[in-house]
Amino acid sequence: MINFSQINLVWLPVLPLVVIATAAMVVLLVGVRVDDEESDGLGWLALASIVIALVLALGIFGQSGIAFAGAIAIDSFSAFFELSILIAAALTVLMSLDYADEHRLPGAEYYSLLLFSVLGMMLMATASDLIVIFIGLETMSLAVYVLAGLLRRDPRSSEAAIKYFLLGAFSTGFLLYGIALIYGATGTIKLVAIHAALTGPLLSNPLLLLGLGLMLIGFGFKVAAVPFHMWTPDVYEGAPTPITAFMAVGVKIAAFAGFLRVFMVQLGPASAAWTDVMWAISALTMTVGNMLAIVQSNIKRMLAYSAIAHAGYILVALTAGGPQAGGAILYYLLGYAFTNLGAFAVVVALERRGAAGDQIADYRGLATRQPLMAAAMAIFLLSLLGIPPLVGFVGKFYLFNAAVHRGFVGLVVIGVLNSAASAYYYLSVVVAMYMQEGGFLEETRRSRPALVAAIAIALIGTVLIGIYPEPYFTAAGNAYQSAMSPEEVHAATAMAP
Amino acid sequence: MALWLFVFLAVISLVSALGVIVQRNPVHCLLALVLTILALAVLFIALDATVVGFLQIIVYAGAIMVLFLFVIWLLNLQAETGPTGSLALKFFGTIASAALVAELWSFLLRPHLKVKYVGESASYGTLGALSQKLFTDYLIAFEATSILLLAAIVGAVALARRAPGQRDSRQGSLP
């Protein structure tokens, strides 16, 4: 007979996942009866479920353990990442409400796929074994491949989808092969058991090292690290803009969640094997991302390369390792979510159907036409550049500070130089908005309160978390620590209020 | 498993596998592939992997073969004329398959692989044992996989269905 007590069902901490999964299916069922032109209601439904999941995820904070026979980690680490992902998802839905109407995107598919990918991301953040990480990654990726191609009448969108799908499937193969080899070397897929097994002769086992390398490629693709970044600009340019924002932020946060939990937390003992490789990848990612961003004339491509560069900054701390770096990465990703989503929301607000408005030249003279929008964009770009007191500066300071403490001064010097170089392309947009004339006249359209709300929330996050970073940084540090020493959670203790 | 049974099944599966790649008519290739899969399924069952054997028949010989058949009909594939594939493709294909054979050979010669049994329980490989694992240790992975498949179906439908603007223009061109 099956002994159900051995499953260790702990429902409360997985409720956010359950809520999102249920909501995705409800959106699908309700959406069958809704015309594509009237998809607003579905969007609000998705947003409501995301807010509920957000509140439920807050309840996970402070716990530390694993459940479901080691498949799920219940700790502040997952909670912090789930919060960041859900915030990104909520802002994406706010951005999408009018966009989906104007571009006649199929509402039921759009919002249910969005929720499915959010579910995949949350699974990646909470997974504590390699199989669940893989399934989460696939759920997220499959949904995003399709979302990238939903602008059916725009050939660039189809190109984005097919490119992302082919290269993504290829990289998933690397990840899965890496997982298989690590299973072969250690005999387990549970991260905690792998952590415990990593001693002595196993650390130089060729199967393990090969597996680590292949997994590094798989994760490197998802976070768009150089040399696995080739897909990024085309995909970001072609996808519907809210989806581009979601990819640049949500996918990146989730991929880093898996990356961090696998490499920094659980494979820490084997760090000698990958530190040098990661050093090179990090330096390359920053440099190539920034250099190529300078020559872009399309704002979505520019932000795509900027996203590559930011992945490089995060990899600096990942290379350094240690609890301080872990907390810094969590904090940085939270701030990055607000800032980058804000920048993309402004792009959504200004672009016009038929691709006009996504050139940097179109932003000329924006300050005189739409002063508030220009001011918001300037703040987001300055935060991405790293100007105090905005969150981009504080985050970068924590990242580099952690790396210096671990003795990676060379890498930090490269990072700071890159950061200085990035001023060129961020400021050129600001200069275009404030000091040049011309540009194009945006369509005067009906007011779009949801989009304005998204920009406002992103603005508040960017400024607030930057000016008053202490509580968030402490929470991030504690979250990282909580992932370090998990213990089996028992139903009785986890269910207690 | 008796030796004669193994030799019998091995010969069938190898010969039919050759048939898949040397025949010109795609439907004949497909039938040869079905035979290969059936022979492999019996091999699995003889090795006590009952569930894997039956899944092999139901999923591969059944569902996926029907799918292949539909694709062949939809694309209206005829018997090939002349050799296909560039020279470079054949060159690297040969190298890759030679490397695979060498790898398998070196693994099979390892002494630790000559262990006969790994101390599994009597129910090893049965449906009960598999489902117990699926609904206990791998519950989350199992449920998440069903969501993954649902997302894939929704995605496929979203991309394949007619776009709103194309309603009229494409109706005539569909078979």
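Residues numbered from 1 in each chain as written. Chains lettered and ligands numbered in written order. Predicted model: local features only at pLDDT ≥ 70, side-chain atom pairs only at ≥ 80, totals over all residues. Heavy atoms only, no water.

### Details of the overall build of chain B
Each helix and strand counted, chain B has six helices and zero strands in total. Sequence-ordered secondary structure for chain B, helices as α and strands as β, is α-α-α-α-α-α. For chain B, the proportion of its 175 residues judged to be buried stands at 19%. Sequence-distant contacts, at least 24 apart, represent 51% of the contacts inside chain B between residues at least 6 apart. Counting only carbon and sulfur atoms, one obtains 74% of the accessible surface of chain B, whose full area is about 12,600 Å². (Helix = DSSP H or I, 4+ residues; strand = E, 2+ residues; numbered from the N terminus. Buried < 20%, exposed > 50% of the residue type's maximum accessible area, 1.4 Å probe, protein only. Contact = heavy atoms within 4.5 Å. Areas by Shrake-Rupley, 256 points an atom, 1.4 Å probe, with all protein chains shown as cover.)

### Some remarks on the pairing of strand β1 (residues 64-67) of chain A
Residue and element names in this part refer to chain A. Looking at chain direction, β1 and strand β2 (residues 72-75) are connected through four bridges and run antiparallel. Pairing of Ile66 across the sheet is with Ala73, part of β2. Adjacent in sequence and paired antiparallel, β1 and β2 are bridged by four residues, among which Phe68 carries a positive phi angle near 55 degrees. (Pairing = 2+ DSSP bridges.)

### Comments concerning the pattern of salt bridges
Residues and elements named next belong to chain A. Summed over all chains, the structure comprises eleven salt bridges over all chains. Across the pair Arg261 and Asp75 runs a salt bridge, and its minimum N-O distance is 3.2 Å. Placement of Arg261 in helix α10 (residues 241-266) and of Asp75 in strand β2 is noted, with a sequence separation of 186 residues between them. Each of the two residues, Arg261 as well as Asp75, counts as buried. (Salt bridge = Lys/Arg side-chain N within 4 Å of Asp/Glu carboxyl O.)

### Description of the layout of surface pockets
Reported here for the second largest pocket is a volume of approximately 610 Å³. Around the second largest pocket, the lining comprises 17 residues; the ones closest to its centre are Ile131 and Ile189 of chain A together with Leu134, Tyr138 and Ala141 of chain B. Secondary-structure elements contributing two or more residues to the lining of the second largest pocket are α6 (155-186) of chain A together with α5 (127-135) and α6 (139-160) of chain B. Per-element accounting of the lining of the second largest pocket gives the leading share, four residues, to α6 of chain A. Residues of the lining of the second largest pocket, tallied by class, amount to eleven nonpolar, three polar and three charged. (1 Å grid on protein atoms, 1.4 Å probe; cavity = no way out; pocket = protein on both sides within 12 Å on 5 of 7 lines; lining within 4 Å. Points joined across faces, edges and corners; volume = space filled by probe spheres on them. Nonpolar A, V, L, I, M, F, W, Y, C, P; charged D, E, K, R; others polar.)

### Points about helix α12 (residues 299-320) of chain A
Residues and elements named next belong to chain A. Here α12 contains 22 residues, and its C-alpha end-to-end distance of 32 Å stays within 8% of the 32 Å for a straight helix at 1.5 Å per residue. With respect to burial, α12 is a largely interior element, 22 of its 22 residues being buried. The N-cap residue of α12 is Asn298: its side-chain oxygen and the backbone nitrogen of Lys300 are 2.7 Å apart. Looking one or two places after α12, you find Gly321, whose phi comes out positive at around 75 degrees. (Expected span 1.5 Å × (residues − 1). Polar contact = N/O pair within 3.5 Å; in protein donor to acceptor, adjacent residues only side chain to side chain.)

### A word on unusual backbone geometry
Residues and elements named next belong to chain A. That bond from Val226 to Pro227 is cis: its omega, 5 degrees, falls within 30 degrees of zero. Along the polypeptide, Pro227 turns up in the loop between α8 (206-222) and α9 (232-238). Geometrically, the link from Pro388 to Pro389 is a cis peptide bond, its omega value of 5 degrees lying close to zero. Relative to the assigned elements, Pro389 resides in the loop between α15 (371-385) and α16 (391-405).

### Some words on the packing of α8 of chain A against helix α11 (residues 271-294) of chain A
Residue and element names in this part refer to chain A. One can describe the packing of α8 onto α11 by two numbers: an axis separation of 11 Å at closest approach and a directional angle of 25 degrees. It follows from the interaxial angle that α8 and α11 lie roughly parallel. In this structure, the crossing between α8 and α11 has a hand that is right-handed. Between α8 and α11, the residues in contact are Leu209, Leu212 and Leu216 and Ala273, Trp274, Val277, Met278 and Ile281, respectively. For the contact of α8 with α11, a count of residues per class yields eight nonpolar, no polar and no charged. (Axes fitted to C-alpha atoms, helices over the stretch in contact; angles between N-to-C directions. Parallel < 35°, antiparallel > 145°, perpendicular 65-115°, else oblique. Left-handed = near helix turned anticlockwise from the far one by under 90°.)

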